[in-house]
Structures are given as C-alpha cells and as structure tokens.
Amino acid sequence: MLNKLKENFLFFDGAMGTMLQSAGLKAGELPESYNIKNPHIIYSIHKQYLKAGSDIITTNTFGANRLKLKDTSLSVEQVIYSAVDIGKKAIEYRDEKYIALSIGPIGTLLKPLGTLSFQDAYEIFQEQIIAGVKAGVDLILIETMADLYEIKAAILAAKENSNLPIFCTMTFQDGTRTFTGTDVITMVSVLEGLGVDALGVNCSTGPKEIQVIVEDILKYTQLPIIVQPNAGLPKIIENKTYYDLSPEDFSKEIKSMAKKGVTIFGGCCGTTPEYIRSMKSKLKGLKPNIHLPTRLTTATSASKTIVFDDEVKIIGERINPTGKKNLEVALKENNIDYILKEAILQQETGSHILDINVGLPEIDEKYMMVKVISEIQSVLPTPLQIDSSKKEVIEAAARIYNGKPIINSVNGKKSSMDDIFPIVKKYGALVIALTLDEDGIPTTAEKRVEIATNIIEYAKKYEIPEENILIDPLVLTASAEQESVLETLRSIPLIKSKYNVKIVLGTSNVSFGLPNRNILNTTYLALALGFGLDAPITDSTNHALMDTIRAYKVLANQDKNCQDFLNIYGSSNNVKYEHTSYAPMNLDEIIIKGLKEEANRKTRELLNNLSSIEIVNKFMIPALDIVGEKYDSQEIFLPQLIRSAETAKEAFEAIKDHMTREGVEKTSTGKILLATVQGDIHDIGKNIVKLILENYGFDVIDLGKDVPIQTVVDTVKNQNIKLVGLSALMTTTVKNMEDTIKALKREGLNVPVVVGGAVLTPEYANMIEADYYAKDAKDAVDIAKEILQ
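Residues numbered from 1 in each chain as written. Predicted model: local features only at pLDDT ≥ 70, side-chain atom pairs only at ≥ 80, totals over all residues. Heavy atoms only, no water.

**A look at the overall build of the chain**
Now for step 1: Scanning the chain from N- to C-terminus turns up 31 helices and 25 strands.
Now for step 2: By the compact-globule yardstick of 28 Å for 789 residues, the chain fits well, its C-alpha radius of gyration being 28 Å.
Now for step 3: Seen through its C-alpha atoms, the chain measures out along the principal axes to roughly 85 × 75 × 50 Å.
Now for step 4: Residue pairs at least 24 apart in sequence account for 75% of intrachain contacts in the chain once pairs closer than 6 positions are excluded. (Helix = DSSP H or I, 4+ residues; strand = E, 2+ residues; numbered from the N terminus. Rg over C-alpha atoms; globule rule 2.2 N^0.38 Å. Contact = heavy atoms within 4.5 Å.)

This is the structure:
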C-alpha cells in the first residue's frame, strides 16, 4: 500500500457522519448503531465512495469504544466486527482497495487534565484494535486527536497488538496548536518516534485554512502525509447544517498541497463522494512530490520542542539527590512541591531541558520517577531527561512520559545497549550515550571516538537514527585524571565530523575534589563550548556558569544582535533573576506556578490576618487573570491552565473550611448553568469551563451531558439562573442547542446564553441566536464577569 505512494496518490473516503445525516441519522443517535440496525445504509455509503475513487474506506467505528457504548446494548466487538464485515462486502475483495479501522478520541481527558489514567486509555484502544485485527482490517487510522498523550496511548496499543500500518491525524485549532497545546513540530517529533507509517491533519477547518499547518508538517517529516480537511466552515440554512466550500474549490486547495508534497488525501466533516471524485479528477496526471526535509534532533514535552541546533541548549542538573541533602529528604518524605520548586527555578533561570534522577535506595524509584515526571509535566512545558541506572525505571517513565524524552543513559557495553536501545526505539526517545565500555572510561580522545562509533553503529541494528543519539564523552576530575581532561574535549570535533550526533557533557565533574570549583567549572565550560559542546548538563541557577554561556553565545554569533545578552545585562550589572534558591512566595505566585500543597498551607496562614474576600480579591483573582493571559498568549497551555485552577481550588478549600468553622455563609453573585445539549455525549470542554469558573468564585450548576431541553428550561426557572452555558461538539447536535435557546425564550426566560464547542463559530452562534460565543474557558470567565459582576 505505502509503496504505491512513490507513483500515485492514495485517497481515503470522505465524511461518514455527513452521509449518515443525509440518510436520516437523528441528532444524538449513535452513528455506530447503523452497523447493526441499518447495515445496508453503511454498505451504500462505502460503495458510493469506492465508485468515486476512494482507495481506502474507513469503518463506521469512530466512537466504538467501551466508554461511549456503555449506556447502549452494543459491545465494542459487535460494532467493529459488523463494520468490517460491511466494508469487506463493499470492496468485494478487490485488489488495491483497503479497509481502515477508524479510531477516534475516547471522549474523556487523560490525567492530569482529566480522570482517565494512561493505562485505562491504552486498554480502551487495545480492545478496539484487537477486535479490528481479528475482523480483518488492512490498516489502523487513529484520527481527529487533540491530545498528544491520548494518541500516544492509541499508537502503543496499535503497535503492541498488531503488525498493521498505522496512520495518525490530529486536529488543530486557530494558531496551529491542538486543543491541549501541541504544535506541529511536537506532533511530528513524537509520532515519528513512536513509529507510525503516515501522519497528518484532519477535521480542524477547511483546506485553505489548513494550508499553514500542512506547510509546517512538510518542514519536519519524511513520512507520508495525510490530509483530510472539512468542506469549509459550517453554516445553518433552514435549520440544517451545511458546509460552505464546493467540491471544485476544495480540490483546488488539495492540488496545491499535492504539489508541495502531500500524498494521502480524504475528507472530513461536510465532504461527500463528490469531493473525492473532484479530488481524483484534479490530481489526474500529477505525480507525488516526495519531500525529504533534514531530520532534526529534538526533545519535547506535549507542547514544547527543543531543537538541538547551532545554539547551545542547557540541561538542568539539580533534580538529582547525589550530594543534595534537602532533595534527598524531599524524596523520602514525598514532598513533591519541593521538587516542583526546583524544576520551576531551573526553567526560570535558563534550563531548556531538566534531568530527573530520583535514585535513592530507601524509596521505590520506579514509583517516584513516574510520579515526579507526571507532576512536573502538569506544571511546566519543559522537556525532561529520564536519568536512572535501572532498566525498569527507564521503561516505566518513558511509557507514561507525554512527549519525546531523553533517556540518560546507555554506554558501550553490549549488555547496556541491549537493555536500553529497545526502550529508546519503542518510545521514540533521544538517548545519551556514554563513551565507556567493558574496559571503563578511556584516557584518550581516539578511544572515546571508537566507543562512540561502536554505540552509533550498534544502534542502527535497532533502527535508531544518528539524530536520536547524544554522545557524552565523559570528563574525569582534574584532581585525579588531569592528563585526560583535554582529551575529552579533543574527542568532540572528532565525533561530530564522523556522525550526525550532538554532544552533551556534565562539565562540573572536572573540578570534583578541588578548591574554588566555580572558576574551574566556568573555564572548562567555556573551553568545551569552543570545542563544539551542544548541551552542557549544568546548574542554570549558578550565575557564573550562565554568564559564561551567555557570553559564549554572543561571541559565537548564536545570540543574534546580542539580544538576550542585552536583555539581561543591558540595564544592570546583575542578572534579572534574584536567587539561586527559592524565596518565599505569595499566594498569587503559588497559584500561577501550580504548587497545590503550598496553596492550602499559605491560604491558612493568610487567614490569620486577612478576610476570605480579601484573599480572593488580592491574590486569587489576580493570579487567575494572569494565568488566563498567559494561556491566551500561548506562554502556557491547557495542562498548566488546569494545574493553576486546581491550585486555586486548594486555596478555596482552605477558605471554605475556615468559613464553615466561623459560621460564615458564602455569598453568591448568581448561578451559572452549564450543560452539554441533548444528543451530545462530549463534555470535556464544558468540564474545563466549570473548573475555571468555580475557581473565580462563581456558583456553577452542572447538568452534565445529553441534557434534555426541558431539563434546562426547568432548572433556569427553579434555580434563578443568571447565565446559561451550552456546549456541543457535533454538528448534528447544534440544532438541539438552537432549540434549547428557543425554548428558553418561549418560556419568557430572558437569561443570557453563551455557547461553545468544537463546531461552533461566532457566526454560527449568531445564527442560532445565542447571546455570546466563547472559544475557550478564558472567554467564558470574561463573559461571566461582564454579566454577574
């Protein structure tokens, strides 16, 4: 199938939902149920797409997971078996026609954003994939994903339970990021690393608007690219949803993408067989333009990618208990906030990546490594480096890590490489390779190059490319091995001239056992940078070391126009950050940084001198406003937004406990009703809005999902609701949103209504006569403030 892409394009089908709506699917009716009760309709849709020219038809199983089916009489196996059987009958076993198992989002956010564990998500996808494999699909299509963590769980389930090709697409919002904050380079880095066969974008918007995302994907991946846009933007005409782009205009944009290097096409919301037919016609006679961009060395979180390029990157070394008594105590006492402060401090003082080592004999290292990584990833977007000598710790951490981590480390011993390289390959990580082998650490540069060569060549047996290897040539202390100190540096250009690898080095080892370590460390760091060191593993809270790096970047023409240098030193002789260890923080800082345990303690302390309302108005509301501004400007993303909201919640809990003890009753500015409309079972966005509103002190009544229109009306009447928030994810249920608004008005309930959801636009909101449109939780808060405060 993939070999075909050298000479021809591959065409998927278009929208299943759009076709089912035309065939009579009602709002809120489960599309997958048609596999059982109306198989002839599904068969007809497949046949229409095949006749239009589709090479691959997609099973009607987008939502066939145990959570979405739990309130029905249908099982996952029943839905998938029937879907594949219909597909087989439709293609009639013709050559060059394939069946793709469609797997969509579960519908619930994974921890820490939601309540679903990574393992639970994996098992949900595993059940779908096993059923699809048994039924006889040809490939697995993981589509319309907005959460990088969720798509990782799906890919692992597919890789570990099948040998089928895996195609993956994510859906992007305005600004070329997904709902949870993943940008294109991060998606490509992670999905390529996990070993998918094709990647790309679907849904999102129309093909014209999606061009900028496609161009970014083309910059970074050598894999085949799949694009399945919507047929423009949704409109409502005579109470029906239409999309505003014709097949002809749609296909013009597709042709533009094909010329740039996209090779796999299909359609999403609003597309029909006519769109497939038009695409096929438009691309007739055109040959695929195979693109091969330069491969990059990248480490990522879920929302941030660090590229090891021509500019020095700093790997923060402070989260390692060796020689750090306070950190050792924090690990033993499970004091996560202390560890988070260390992580935040390093990020604030210039570290691009954080090394995480929690190895102590007195604790469960695997448990603690997983916990620390999960907690740091909920607070910071900084990529992490998993540092352990234990294979089982490294694998557990790499599995739950959200993004593309660095593994620290492998060495030239065959046993080490056979232990670590399978983990590196499976999880698509970078790996630090130490130039030591069965004979120990060498004394010469040439021997270091020889060990590095052995490691890099052995890695190729595991299909690990050079760009995923970071070589550490290891420096020994000058007090014991003075003659070899420069040999370490001499090996750097020798290794880099031979292979496309980057160099990392823990430079402070050179001064161990000697007085005045700072001057030795800074001098050796400067020398190492001059020899070609790409990423020192160092302490970014050390002013002298950071001064050295910043000065080097100016002199090496890395800091263009000396911009960073001038920003830091231009108005003062001192660096702008004030400390090398954490100073006491105010409650607003604690909320912004997401230190949950600290928030409760600090609030209880403040209650000794301030009233509840003073704490809310002086610290909490301003903090949440700053968090909202950072979110709007994409300085932080959904994980950090939710973490700060949860931290504020801890402060509110302390205030509520205090008010209860003092016999003080809570005052309310008015109640807000939230509901996902009838027929729609998606409530991720609504739940986030609820969390943020509550932490601004609003009184929220959450009616849940699939809420009948009359229930909304009755609640507004009986609860004296001041603002109604309605959510819908599916185009089929927007009509119920409109009907809910009309029902409120018929009853004379002139309560303002704000609407939101993936398919909504300001124009759409205006068409259904909503009073406000909120694109996200921050918008919802601003609207609530306007109305209720």
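**A short note on a nonpolar patch on the surface**
Now for step 1: Residues L486, L527 and F531 make up a contiguous nonpolar surface patch of roughly 260 Å² in combined accessible area.
Now for step 2: Along the polypeptide, L527 turns up in helix α20 (residues 517–531).
Now for step 3: Given the relative accessible area of 39%, L527 is considered partly exposed. (Patch = residues over 30% accessible without salt bridge, like charges linked within 9 Å, V, L, I, M, F, W, Y side chains within 5 Å. Areas by Shrake-Rupley, 256 points an atom, 1.4 Å probe, with all protein chains shown as cover. Salt bridge = Lys/Arg side-chain N within 4 Å of Asp/Glu carboxyl O. Buried < 20%, exposed > 50% of the residue type's maximum accessible area, 1.4 Å probe, protein only.)

**Observations regarding the side chain of K553**
Now for step 1: Residue position: K553 is located in helix α21 (residues 543–555).
Now for step 2: Discounting chain neighbours no more than four positions away, the residues touching K553 are E311, V312, Q558 and D559.

**A few points about the side chain of H291**
Now for step 1: Its place among the elements puts H291 in the loop between α11 (273–282) and β11 (298–300).
Now for step 2: Look at H291 and you get buried, because its relative accessible area is 12%.
Now for step 3: Separated by 2.9 Å, the side chain of H291 and the backbone oxygen of T221 make a polar contact.
Now for step 4: Apart from the residues within four sequence positions on either side, H291 is in contact with L218, T221, Q222, L223, I225 and G261. (Polar contact = N/O pair within 3.5 Å; in protein donor to acceptor, adjacent residues only side chain to side chain.)

**So, the layout of surface pockets**
Where empty space is left becomes clear once a probe the size of a water molecule has been rolled over the atoms.
Now for step 1: Approximately 1,000 Å³ is the volume found for the second largest pocket.
Now for step 2: Along the wall of the second largest pocket there are 33 residues; nearest its centre are E317, N320, K324, S508 and N509.
Now for step 3: Elements with a contribution of two residues or more to the lining of the second largest pocket: β13 (315–319), α12 (325–332), α13 (336–348), β15 (384–387), β16 (406–411), β17 (430–434), α20 and β20 (535–538).
Now for step 4: With 3 residues, α20 is the single largest residue contributor to the lining of the second largest pocket.
Now for step 5: Among the residues forming the lining of the second largest pocket, the class breakdown is 10 nonpolar, 14 polar and 9 charged. (1 Å grid on protein atoms, 1.4 Å probe; cavity = no way out; pocket = protein on both sides within 12 Å on 5 of 7 lines; lining within 4 Å. Points joined across faces, edges and corners; volume = space filled by probe spheres on them. Nonpolar A, V, L, I, M, F, W, Y, C, P; charged D, E, K, R; others polar.)

**Things to note about helix α14 (residues 365–379)**
Now for step 1: With 15 residues, α14 should cover 21 Å at 1.5 Å per step; its first-to-last C-alpha distance of 21 Å lies within 8% of that length.
Now for step 2: Every buried residue belonging to α14 is among E365, M368, M369, V372, I373, E375, I376, Q377, S378 and V379, and all of these are buried.
Now for step 3: The opening residue of α14 is D364, an N-cap whose side-chain oxygen sits 3.3 Å from the backbone nitrogen of K366. (Expected span 1.5 Å × (residues − 1).)

**Comments concerning α21**
Now for step 1: End to end, α21 covers 18 Å across 13 residues, agreeing with the expected 18 Å (1.5 Å per residue, within 8%).
Now for step 2: Where α21 is concerned, the buried positions are L545, M546, T548, I549, R550 and K553.
Now for step 3: Packed against the buried residues of α21 are α20, β20 and α22 (563–569).
Now for step 4: N557 occupies a position one or two residues after α21 and carries a positive phi of about 65°.

**Side note on the domain arrangement of the chain**
Now for step 1: For the chain, the assigned domains are domain 1 (4–282), domain 2 (298–573), domain 3 (587–662) and domain 4 (671–788).
Now for step 2: A straight line from the C-alpha centre of domain 3 to that of domain 4 covers 26 Å.
Now for step 3: Contacts between domain 3 and domain 4 engage 15 residues on the former and 11 residues on the latter.
Now for step 4: Both sides together, the interface formed by domain 3 and domain 4 hides about 1,100 Å², and carbon and sulfur atoms give 67% of it.
Now for step 5: Summed over the shared surface of domain 3 and domain 4, the result is 2 salt bridges.
Now for step 6: The interface formed by domain 3 and domain 4 contains 5 residue pairs in polar contact (both at pLDDT 80 or more).
Now for step 7: Where the side of domain 3 that touches domain 4 is concerned, the elements lending two or more residues are α25 (612–632) and α26 (638–662).
Now for step 8: The dominant element in the side of domain 3 that touches domain 4, judged by the number of residues it contributes, is α26, at 8 residues. (Domains from an automatic or database assignment. Buried area = accessible area lost by both parts, 1.4 Å probe.)

**A closer look at empty space enclosed by the protein**
Now for step 1: Counted under the stated rule, the structure contains 1 cavity of 30 Å³ or more.
Now for step 2: Along its surface, the largest cavity is lined by L624, V627, G628, L641, S644, A645, I692, Y696, A777, K778 and V781.
Now for step 3: Tallied by class, the residues present in the lining of the largest cavity amount to 8 nonpolar, 2 polar and 1 charged.
Now for step 4: Built from parts of two domains, the lining of the largest cavity gets at least three residues from each of domain 3 (587–662) and domain 4 (671–788).

**Description of the sheet that holds strand β22 (residues 699–702)**
Now for step 1: Pairing is parallel in the open sheet, where 5 strands are placed in the order β22-β21-β23-β24-β25. Edge positions in the sheet fall to β22 and β25 (772–773), since each has one partner strand and no second.
Now for step 2: Looking at chain direction, strand β23 (residues 721–727) and strand β24 (residues 753–756) are connected through 4 bridges and run parallel. When the bridges of β24 are listed, G725 appears paired with V754.
Now for step 3: Along the sheet, helix α28 (residues 709–719) contacts β21 (671–676), β22 and β23; its crossing angle with β21, the most-contacted strand, is approximately 170°. (Pairing = 2+ DSSP bridges. Axes fitted to C-alpha atoms, helices over the stretch in contact; angles between N-to-C directions.)

**Re the pairing of strand β14 (residues 353–356)**
Now for step 1: Covered by surrounding structure in β14 are I353 and D355 together with L354 and I356, the residues of both alternating faces.
Now for step 2: Where β13 lies against β14, 3 bridges are found, and the strand directions are parallel. Paired with G316 across the strands is L354, a residue of β14.
Now for step 3: Judged from the 3 bridges that link them, β14 and β15 form a sheet pairing that is parallel. By the bridge assignment, D355 is partnered in β15 with Q385.
Now for step 4: As for the winding sense of the linkage, the β-α-β connection from β14 through α14 to β15 is right-handed. (Right-handed = clockwise from strand over helix to strand, strands pointing away.)

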